[in-house]
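Structural features, examined
Below are the chains, spelled out letter by letter.
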Amino acid sequence: MGELQAVILAAGEGKRMRSALPKVLHPLCGRPLLSYILDSAAAVAKDLVIVIGRGADQVRETIGERWSYAVQEKQLGTGHALMQALPYLPEEGCLLVLCGDTPLLEKGDLERLLRAHGDSAATVMTAVPPDPTGYGRVIRGQDGSVLRIVEEGDASPAERDIGEINSGTYCFDLKLLRKFLPLLSPKNIQQEYYLTDVLPLMREQGYLIGACLNECWPAAQGINDRCQLAEAAAIMRGRINRALMEQGVAMLDPSSTYIDYGVRIEAETVLLPQTLIEGETTIGSGCRIGPGAHLLSAQIGDGVVIRQSVVAESVIESGATVGPFANIRPGCRIGPQVRIGDFVEVKNSTIGAKSKLPHHSYAGDVDIEGEVNIGAGVIVANFDGRRKHRSLIREGAFIGCNSNLISPVEIGAGAFVAAGSTVTDDVPAGALAITRSEQKNCAGLGKRMLGKEERQEKKESAEKE
Ligand code: UD1
Ligand code: CA
């Protein structure tokens, strides 16, 4: 495409989002709205200028310094925004102008616009959505050429009936744009400098304005409010899911499988309904994830099973099983073939190969070596009310049900902690630790506790009488 330049307008206030976050930073499938159109533009253009204004520092910090930025101090309209970018652009050439709030446009859409543009003065990408409300309408002449674009607020009822809308994406001859852009005036209902008004100015001077109809709605959909954001997210999710399925990932119900942009999943893994996979998650092959799994920046090996559980910022190695109803909090490394069962919470801990935590335990700040068995209800008490401490459980140890390990303690290799013990000191390798009090059996007392003896006596005396 030669020396194509691109400008992305992203300074707008985004009032209709009703949010403190700049509109272009709202997350769409886990990344800022602006990133998508940025990627598409970068795929076709040599240089890129982003016009920022509302939340400028925040946008710049999030998007990074790879691109040039122009600052629009006051949001006086799309035409005014583009004026701010001119000093960063060459004198002439072809310029692609995009809006930061159209994330669904792909490289192919932009290439079609560029081909249609050729050497024209200006070409606008149009579309025919099911409901054109809110968009600028395209007014065409009898010969089909574009006369002008009228914004919804400025349109007559007849103009509002027009179904063809302006997508906010254009190609300009930069030299001509430099001539006509300064002639804009804010004489409209919003008292803004509309970029669209540059088109009739060019036309009046005899330049032909082209249009390129994008036939695959909703590719050109703009995001102005949270409803449109949710609609676009659903479409983006569909694209993400389709690409993964094409690579060999199975989904029982793609419509209830929510995967962030950039998540990597290998072939032969099955995703079950109501599964949410966020952040920089990677999943190996042959896994079964869900139903109801929530993974957040997790690294999952091959052949892992995760059911109705949360895994955040942790590594689950191959062959491990997690859940149902487990909570793997940040900083964990769950080793190969480990079994984490129901109602188990693990935090900032390492669990060695083939160890088992099958039911109802809490393991916080503990290193557990391989083949350790943790009985039901075991608590590794890592917090003394002021500080966190770390414990170590060595190879092959057995921790009986309902035991408390008061950190920091070390349980030696092959040691046995009897059920119901509260362990405050280290246990040597191979030892038995038992801290519970001895059992006493009091003859007959059970019956009396239940009041059965008295009732029997009463019954007998009643029968005698
Ligand atoms: C704009 C178009 C409309 C088109 C629609 C497509 C104009 C006048 N209207 O309307 O014809 O149908 O897009 O989605 O161009 N921006 C700035 N500075 C400003 C104002 C806006 O940088 O002062 C940026 C915004 O961040 C946004 C883009 O320009 O990315 C479009 O602005 P927005 O206010 O959303 O325009 P629309 O009302 O949607
Ligand atoms: Ca818009």
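Everything numeric in this text was worked out from a predicted model, so none of it was measured.

Brief notes about the pattern of salt bridges
If you walk through the whole model with that rule in mind, you get 19 salt bridges. The partner of Lys46 in a salt bridge is Asp47, with the nearest N and O atoms 3.1 Å apart. Look at Lys46 and you get partly exposed, because its relative accessible area is 46%.

Remarks on the coordination of the calcium ion (ligand 2)
For the calcium ion (ligand 2), the full set of protein donor atoms is Asp101 (OD) and Asn224 (OD1), at a range of 2.3 to 2.5 Å. Pair noted here: Asp101 is in the loop between strand S6 (94–99) and helix H4 (107–117) and Asn224 is in the loop between strand S11 (209–213) and helix H8 (226–246), with a separation of 123 residues, a long-range link. Of the two residues, Asp101 and Asn224, neither departs from the other in class, the shared state being buried.

Here we look at the packing of aromatic side chains
Applying the stated criterion across every chain yields a total of 6 aromatic pairs. Ring plane angle 85 degrees and centroid distance 6.0 Å describe the contact between Tyr135 and Trp217, whose orientation is recorded as edge-to-face. Placement of Tyr135 in the loop between strand S7 (122–127) and strand S8 (137–140) and of Trp217 in the loop between S11 and H8 is noted, with a sequence separation of 82 residues between them. Judged by its relative accessible area of 11%, Tyr135 falls in the buried class. Residue class for Trp217 comes out partly exposed when judged on its relative accessible area of 24%. Pairing Tyr170 with Phe172 gives two aromatic rings, centres 5.7 Å apart and planes at 25 degrees, and the pair type is stacked. Assigned by exposure class, Tyr170 and Phe172 land together as buried. Seen from the ring of Tyr36, Arg31 lies directly overhead, with NZ or CZ sitting 4.7 Å from the centre.

Here's the deal with the sheet that holds strand S31 (residues 362–364)
Taken in spatial order, the 10 strands of this open sheet run S13-S16-S19-S22-S25-S28-S31-S34-S37-S40, and their pairing is parallel. One side of each edge strand has no neighbouring strand; the edge strands of this open sheet are strand S13 (257–259) and strand S40 (422–423). Note that strand S37 (residues 404–406) and S40 share 2 bridges and pair parallel. Among the inter-strand pairings, Leu405 is bridged to a residue of S40, identified as Val423.

Side note on the site of ligand 1
Taken together, the neighbourhood of ligand 1 is formed by 24 residues, with Leu9, Gln72, Thr78, Glu151 and Asn166 sitting nearest. Take Gly12: an N or O atom from its main chain is 2.8 Å from an oxygen atom of ligand 1. Between an oxygen atom of ligand 1 and a main-chain N or O atom of Leu76, the distance comes to 3.4 Å. Contact with the protein chains hides 91% of the accessible area of ligand 1, taken as 750 Å² for the molecule alone. Ranked by residues supplied to the shell around ligand 1, first place goes to strand S10 (residues 165–173) with 3 residues. Classifying every residue of the shell around ligand 1 by side-chain character gives 8 nonpolar, 12 polar and 4 charged.

Looking at a negative patch on the surface
Together, Glu454, Glu457, Glu460 and Glu463 make up a negatively charged patch on the protein surface. If you trace the backbone, Glu460 turns up in helix H10 (residues 452–464).

Considerations on the pairing of strand S4 (residues 47–52)
Among the 6 residues that make up S4, 5 are buried, leaving the element largely enclosed by the rest of the structure. Inspection of the sheet shows strand S1 (residues 5–10) paired to S4 by 6 bridges, in the parallel sense. Residue pairing across strands places Ile8 opposite Ile50, the latter belonging to S4. Two strands pair when backbone bridges link them, and S4 and strand S5 (residues 68–71) are joined in this way by 4 bridges, in the parallel orientation. In the sheet register, Val49 faces S5, and the bridge partner there is Ser68. Taken together, S4, helix H2 (residues 56–63) and S5 form a β-α-β motif whose crossover is right-handed.

Regarding the packing of helix H1 (residues 33–44) against H4
A packed helix pair is summarised by two numbers, namely the angle formed by the two axes and the spacing between the axes. Running from N to C, H1 and H4 cross one another at 50 degrees; their axes reach a closest spacing of 9 Å. It follows from the interaxial angle that H1 and H4 lie oblique. Between H1 and H4 lies a crossing of right-handed hand. Contact residues: Ser40, Ala41, Ala43 and Val44 in H1; Lys107, Leu110, Glu111 and Leu114 in H4. Along the lines of polarity and charge, the residues of the contact of H1 with H4 split into 5 nonpolar, 1 polar and 2 charged.

Structural notes on H1
With 9 of 12 residues buried, H1 lies mostly within the body of the structure. Buried within H1 are the following residues: Leu33, Leu34, Ser35, Tyr36, Ile37, Leu38, Ser40, Ala41 and Val44.

Comments concerning the nonpolar core
Ile334, Ile340, Ile393 and Ile411 are the most contacted members of the largest nonpolar core, which totals 61 residues. Those elements that place two or more of their residues in this core are H1, H8 and strand S32 (366–368). For this core, the element with the highest residue contribution is H8, accounting for 6 residues. In this structure Ile334 touches Val315, Ile316, Glu317, Ala320, Ile328, Ile340, Val346 and Ile351, once residues within four positions along its chain are discounted. Listed in part, the 34 residues of the second largest apolar core include Val24, Leu25, Leu110 and Cys171.

Observations concerning the domain arrangement of the chain
Assigned domains of the chain: these are domain 1 (4–220), domain 2 (263–347) and domain 3 (355–439). Domain 1 and domain 3 are separated by 63 Å when their C-alpha centres are compared.

Quick word on the pairing of S1
Burial analysis of S1 places 6 of its 6 residues in the buried class, the great majority of the element. The alternating pattern of S1 places Gln5, Val7 and Leu9 and Ala6, Ile8 and Ala10 on opposite faces, both of which are buried. In this structure, S1 lies alongside S6, joined through 5 bridges in parallel fashion. Considered in S6, the bridge of Ala6 is made with Leu96.

Procedures and definitions
Residues numbered from 1 in each chain as written. Chains lettered and ligands numbered in written order. Predicted model: local features only at pLDDT ≥ 70, side-chain atom pairs only at ≥ 80, totals over all residues. Heavy atoms only, no water. Salt bridge = Lys/Arg side-chain N within 4 Å of Asp/Glu carboxyl O. Buried < 20%, exposed > 50% of the residue type's maximum accessible area, 1.4 Å probe, protein only. Donors = N, O, S within 2.8 Å, 3.2 Å for Na, K, Ca; no water. Helix = DSSP H or I, 4+ residues; strand = E, 2+ residues; numbered from the N terminus. Phe/Tyr/Trp six-rings, centres within 6.5 Å; stacked < 30°, edge-to-face > 60°. Lys NZ or Arg CZ within 6 Å of the ring centre and 35° of its normal. Pairing = 2+ DSSP bridges. Near = heavy atom within 4 Å. Polar contact = N/O pair within 3.5 Å; in protein donor to acceptor, adjacent residues only side chain to side chain. Areas by Shrake-Rupley, 256 points an atom, 1.4 Å probe, with all protein chains shown as cover. Nonpolar A, V, L, I, M, F, W, Y, C, P; charged D, E, K, R; others polar. Patch = residues over 30% accessible without salt bridge, like charges linked within 9 Å, V, L, I, M, F, W, Y side chains within 5 Å. Lys, Arg positive; Asp, Glu negative; His and termini not counted. Charge placed at Lys NZ, Arg CZ, Asp CG, Glu CD. Right-handed = clockwise from strand over helix to strand, strands pointing away. Axes fitted to C-alpha atoms, helices over the stretch in contact; angles between N-to-C directions. Parallel < 35°, antiparallel > 145°, perpendicular 65-115°, else oblique. Left-handed = near helix turned anticlockwise from the far one by under 90°. Contact = heavy atoms within 4.5 Å. Core = buried A, V, L, I, M, F, W, Y, C linked by side-chain atoms within 4.5 Å. Domains from an automatic or database assignment.

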